[in-house]
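Next come the chains, spelled out residue by residue.
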Amino acid sequence: MPLVKNGHIATDIFFHAADGTELPGDGPVLVSAARFLGDPEGLLKRAGKVGVIWPNSRDVDDLVPYLDRLAMVALVFPTFRDGRAYSQARLLRERYGYDGELRATGQVLRDQFVFMLRAGFDAFDVRKQADAEAFGETARRYTVFYQPAGDGRLSALNRRIQERHSESAGQ
Amino acid sequence: MYAYDELDRTLVNERVSEFRDQVKRRLSGELTEDEFKILRLQNGVYLQLHAYMFRVAIPYGALSSKQLRALARVARRYDRGYGHFTTRQNIQFNWIKLAELPDALEDLAEVGIHAMQTSGNNMRNVTSDQWAGVAPGEIEDPRIWSEILRQHTTLHPEFSFLPRKFKIAITASEHDRAAIKIHDIGLKLIKNADGETGFEVLVGGGLGRTPFIAKTIKPFVHGRDLLSYVEAILRVYNQYGRRDNIYKARIKILVHELGIEKFAKEVEEEWQLLRDSALTLDPAVVEDIRSRFSYPAYEKLPHMPDELKRAAHDPLFERWRRNSAFPHKVQGYSIVTISLKPVGAPPGDATADQMDALADLADRYSFGEIRVGHEQNLALPHVAKRDLPALWKALDRIGLATPNVNLVSDIIACPGLDYCSLANARSIPIAQELTRRFANHDTANLIGRLHINISGCINACGHHHVGHIGILGVEKNGEEFYQITIGGRADENAQMGTLIGPAVPYAEVADVIEDIVEAYLALRDSEGELFVDTVKRLGVEPFKERVYATR
C-alpha cells in the first residue's frame, strides 16, 4: 500500500507494531490506541517517534493530553463510506492545534483526497497504486471551496467580499 | 433569481470534470461498482429497475426560463422526452445512459444547474417555500439563507460521508409550505425582539419506516450563527449517528435515542466551541448573496383590472382562476400554480414540449421565473392579474390548466414499482385511477382541500404518513396491498396519519378512497370543515366502519 506524504509517494518510516509484539529498541513505531493508552508515558519516553492508530469510534479527547509529543496520528476509514474520521481530523487540527503527521488509513481512494486534505490530513495510506500516482493531479482538481476549513483556504462567501474590496481599492 | 458568479460556475465545472473522470474509470474497470456507486450517488445517479435514473437539483425550487429549457433539452436529448418533478423540488430523468451522463451534466452546468448531492449520504438539496419572496406576510425572503446553505453544504469536507442522507428545509411564512417538520433540520425564519433575523431550529423530523415530527432544538439562532449552529448539529450527528444499521442511521433516531434535551446539550457544547469562527456570517457576506438575487420590476397595477372583469364571465376561466391563482405580496399580481396532475397521468411529470412552452410563458408573464413545489406542481410566481386570462388559454393549450390544485386529484406519488428498485407496489397507476374517479371538477370542488399521498414502499418518498389520506404499498405473498392512513398533515401542524385497518388489495384501493371521501361528505359539520379537520374531530372510527363494514 503506497504512502503519500506531503503530496508525494514516500517511504513509511514507522514500524507498525501489532499488539503484544515486542517493540524495536529505537526508531519510529506505530501502535494501536489500546496499546498506547496502556502505557503512554513509557512509550513516549522511548527513543524514537511514536504514532497512534486512533479508531473512529473513540473521542479524540482521550488523545489530547499527548498530542504535542506524538509524531503521527493515523485515523481510520474502515470503508470510504464511513466519514467519522473527517470530524476527528478537523478537531485535532482546528480545535486542538495538532501539527504532527495526520494520516488517513483504511479504504483510502482517490476520490476522497480533496475532502481529506481540506479536513487536515497530510499523509495517506492509499489503497491503489494508480490513485497514489494521481495524487498531485487530483489534489489540484478544485480551485473553489464553499466552506472555511482547517486548510485555511478562503470560502467562496469570503473570497467574494475580499475580491470586491481589492477591486474597489484598485480604483 | 440567484445569479451564479465565476466562483459558482468554476466549482460546478470542476465537479463535472471530476465526474467525467469517475465515469471513465468505472467504464474502464479501474473503479469497482461498489466504489463507483457512492460517487455516482453523490452526483444524483441511481440504478433503477430498468435504467439509470438521474436526479437534478433545483435548489429551493427556483428555476429560470433558461434553466427550464435546458432541462427540456436534457429530457429530449438524453431521455425519453419527459421529466418527473419530485417532492424535494428536484427533477428526475428515468432513462439515462451512464456514458452520456457527463455530457448531460455539462449541458446543465452551462445554465447553472447541477446534480450534486441529490442522493447519497450527504446533505441534500436545500428546499424552501415555493412562494418564497412573493408570499404575502412573509417575514423575509428565505432564498437568501437557502442559497447560503446550498453553498455551505456543497462538497463539505467533513460531512460528505454521513451515516445517512440529510435534508434541510426553510420557511419564512406562518403557513409552512416547505414541510420543515419532516426534515432532518427544519428552519423557521423569525425575528427577535430587536428585529434581527434568526431561525427557530427544529431537528430530527423524517418519514420512512420510523416517522418522527421534528422537535425544536433551539428557539432562536441568530442569522450570523446559522452556519456554525448547523455545523454543530452535523458534527454531533457525524460522530454519533448510528452506522451499524441503515434503518437506524438517520438523525431522527439519534435524537430519539438520546432524547431531545441530551442531544440539544451535545450540540450546544459543540456550538459554543465553534461559534466564533470563520463560520460566523458577516452582514456583508449576507448582503453580497442578497445582491445577487434579482427581483422583478413590478408595475403599479390595479387590484381588479378590466381584463379580469371581462374574463370573469367565462366559467371555465373562473374555475381555473379560483383554483390556481393565489394572492401575491404585490397588488395587481398573482402567484399561479401549474398543476402537473392532469386526469389519468402520472403525478409530477412534464414533457419536454411542456417545459419549453412553460419557459416561454414564464418569459412573457412571470419575469422569466418558475418555481417547483414539494407537491410536485410548478408555479409562475409573478403573473400580472391582467394577464391571467391570456395565460390560462396558453396553459390550456399545452395541457397545464387542470384546475385541481389542492383538491383530491392533486396527488403526491413516488415513482413506485413502475421505476423504482426499492418499491413493493405500484404508485402511479393508483394515482391515475384516483384522478379518473375524481375527474369531475364540481365534485372535487365540493370535497375541498384534500391531500392524497402515495408511497410504493416504507421509504415514504410519496410522504404517505403526512397525507390527509396516505396510501402505502406493501407486499403480501407476492401481491400488491395498500395500507390506508387518514388525518396526516405536512404543514405547521404536521402530524402522522392513523392507520384505518388491514391493508387492501390493489384493485380495491380506489373504491376504499371513494368510501372514505363519501363518509367525510356525510360527516362534516359544514362545507367549510376540511377532511383533515373532520378526521381530527371524529377520529378514524367512523371512516374505518364505512370502509370495512362491507369488506
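Residues numbered from 1 in each chain as written. Chains lettered and ligands numbered in written order. Predicted model: local features only at pLDDT ≥ 70, side-chain atom pairs only at ≥ 80, totals over all residues.

Q: How would you summarise the overall build of chain B if you had to cite specific residues and measurements?
A: Each helix and strand counted, chain B has 18 helices and 21 strands in total. Seen through its C-alpha atoms, chain B measures out along the principal axes to roughly 60 × 60 × 55 Å. When contacts within chain B are restricted to residue pairs at least 6 apart in sequence, long-range pairs at least 24 apart make up 68% of them. (Helix = DSSP H or I, 4+ residues; strand = E, 2+ residues; numbered from the N terminus. Contact = placed C-beta atoms within 7 Å.)

Q: Could you give me a rundown of the overall build of chain A, with the residues and numbers involved?
A: Tallying secondary structure elements over chain A gives 7 helices and 8 strands in all. Along the first, second and third principal axes, the C-alpha set of chain A runs to 65 × 35 × 30 Å. A fraction of 45% describes how many contacts in chain A between residues 6 or more apart in sequence connect residues 24 or more apart.

Q: Kindly report on the interface of chain B and chain A, identifying the contributing residues and their values.
A: Across the contact, 31 residues belong to chain B and 28 residues belong to chain A. Those elements that provide at least two residues to the side of chain B that touches chain A are α1 (6–27), α2 (33–41), α5 (143–153), α6 (226–240) and α9 (283–291) of chain B. Element by element, the count of residues in the side of chain B that touches chain A is highest for α1(B), at 6 residues. Across the side of chain B that touches chain A, the residue classes tally to 13 nonpolar, 10 polar and 8 charged. (Nonpolar A, V, L, I, M, F, W, Y, C, P; charged D, E, K, R; others polar.)

Q: Tell me about the sheet that holds strand β9 (residues 197–203) of chain B, and name the residues and values.
A: All names here are of chain B. In space, the 5 strands of this open sheet follow the order β6-β7-β8-β9-β10, with mixed pairing throughout. The sheet is open, and its two edges are formed by β6 (127–128) and β10 (215–222), each paired on a single side. Along the sheet face, α6 touches β8 (185–191), β9 and β10 and points at about 10° away from the line of β9. (Pairing = 2+ DSSP bridges. Axes fitted to C-alpha atoms, helices over the stretch in contact; angles between N-to-C directions.)

Q: Lay out the sheet that holds strand β12 (residues 333–338) of chain B with the relevant residues and their values.
A: Residue and element names in this part refer to chain B. With antiparallel pairing, the 5 strands of this open sheet are ordered in space as β3-β14-β15-β12-β11. Here the strands that pair on one side only, and so sit at the sheet edges, are β3 (62–64) and β11 (325–327). Taken pair by pair, the neighbouring strands of this sheet meet at an average axis angle of 35°, ignoring direction. With 3 bridges joining them, β11 and β12 adopt antiparallel strand pairing. Each residue of the ladder has a partner; that of Pro327, found in β12, is Ser334.

Q: Pulling in residues and values, what's your account of the pairing of strand β5 (residues 91–96) of chain B?
A: All names here are of chain B. The buried fraction of β5 is high, at 5 of 6 residues. Pairing of strand β2 (residues 52–56) with β5 involves 4 bridges; the strand directions are antiparallel. Looking across to β5, one finds that Val56 is bridged to Ile91. As paired elements, strand β4 (residues 82–85) and β5 share 2 bridges and run antiparallel to each other. By the bridge assignment, His84 is partnered in β5 with Gln92. Between β4 and β5, which pair antiparallel in sequence order, lie 5 residues; one of them, Gln89, sits at a positive phi of approximately 60°. (Buried ≥ 20, exposed ≤ 12 C-beta atoms within 10 Å, placed from the backbone.)

Q: Kindly report on the pairing of strand β7 (residues 168–171) of chain B, identifying the contributing residues and their values.
A: Residue and element names in this part refer to chain B. Residues Ile168 and Ile170 line one face of β7 and the alternating positions Ala169 and Thr171 line the opposite face, and both faces are buried. Bridge count for β6 against β7 is 2 bridges, and the pairing is parallel. Within the sheet, the bridge partner assigned to Thr127 lies in β7 and is Ala169. Viewed along the sheet, the connection from β6 through α5 into β7 turns out left-handed. Examined bridge by bridge, β7 and β8 share 4 bridges and lie parallel to one another. Among the inter-strand pairings, Ala169 is bridged to a residue of β8, identified as Gly186. (Right-handed = clockwise from strand over helix to strand, strands pointing away.)

Q: Can you tell me about the packing of helix α16 (residues 509–523) of chain B against helix α18 (residues 541–548) of chain B, naming the residues and giving the values?
A: All names here are of chain B. Closest axis-to-axis distance for the α16/α18 pair is 9 Å, and the angle between their directions is 135°. When the interaxial angle is binned, α16 and α18 end up oblique. The crossing of α16 and α18 is right-handed. Contact residues: α16 offers Val512, Asp515, Ile516, Ala519 and Leu523, while α18 offers Pro542, Phe543, Arg546 and Val547. Partitioned by chemical class, the residues of the contact of α16 with α18 number 7 nonpolar, no polar and 2 charged. (Parallel < 35°, antiparallel > 145°, perpendicular 65-115°, else oblique. Left-handed = near helix turned anticlockwise from the far one by under 90°.)

Q: An account of the environment of His183(B) is requested, with residue identities and associated values reported.
A: Residues and elements named next belong to chain B. Within the fold, His183 resides in the loop between β7 and β8. Residue class for His183 comes out buried when judged on the 27 C-beta atoms lying within 10 Å of it. Considered as a pair, His183 and Lys252 are 69 residues apart in the sequence and their alpha carbons are 9.1 Å apart. Setting aside chain neighbours within four positions, we find His183 in contact with Lys167, Ile168, Ala169, Gly205 and Ala214.

Q: Break down the environment of Leu44(A) for me, with residues and values.
A: All names here are of chain A. Along the chain, Leu44 falls in helix α2 (residues 40–45). Under the C-beta neighbour-count criterion, Leu44 is labelled partly exposed, with 13 such atoms within 10 Å. Sequence-wise, Leu44 and Ala71 are 27 residues apart; in three dimensions their C-alpha atoms are separated by 10.0 Å. In contact with Leu44, other than residues within four places in its own chain, are Val50, Tyr66 and Arg69.

Q: How would you sum up helix α17 (residues 531–538) of chain B? Please name residues and give values.
A: Residues and elements named next belong to chain B. Along α17, the positions that sit buried rather than exposed are Phe531, Val532, Thr534 and Val535. Angularly, the buried residues of α17 cover 160° about the axis, an arc narrow enough to put them on a single face. At its buried positions, α17 is contacted by β19 (479–486) and α16. (Arc of directions from axis to C-beta.)

Q: Tell me about the nonpolar core, and please be specific about residues and values.
A: With 216 residues, the main nonpolar core has Val73(A), Ile233(B), Leu358(B) and Ile516(B) as its most contacted residues. If we ignore the near neighbours within four places in the chain, the residues touching Ile233(B) are Ile185(B), Val203(B) and Val267(B). (Core = buried A, V, L, I, M, F, W, Y, C linked by C-beta atoms within 7 Å.)

Q: Give a description of the domain arrangement of chain B that names residues and reports values.
A: Interfaces are often sized by the amount of accessible area the parts lose when they come together. Residue and element names in this part refer to chain B. According to the domain assignment, chain B contains domain 1 (6–109), domain 2 (142–291), domain 3 (306–397) and domain 4 (412–548). Centre-to-centre separation of domain 1 and domain 2, based on C-alpha positions: 26 Å. Taken together, the contact pairs 4 residues of domain 1 with 4 residues of domain 2. A per-class count over the side of domain 1 that touches domain 2 returns 3 nonpolar, no polar and 1 charged. (Domains from an automatic or database assignment.)

Q: With reference to specific residues and values, describe unusual backbone geometry.
A: Residue and element names in this part refer to chain B. Located in the positive-phi region is Leu155, a residue other than glycine, with phi close to 55°. Considering the arrangement of structural elements, one finds Leu155 in the loop between α5 and β7. Within the chain, His463 stands out as a residue other than glycine whose phi angle is a positive 55°. Turning to its location among the elements, His463 is positioned in the loop between β17 (452–455) and β18 (469–476). Residue His463 is classed as buried on the basis of its C-beta count, with 25 C-beta atoms lying within 10 Å.

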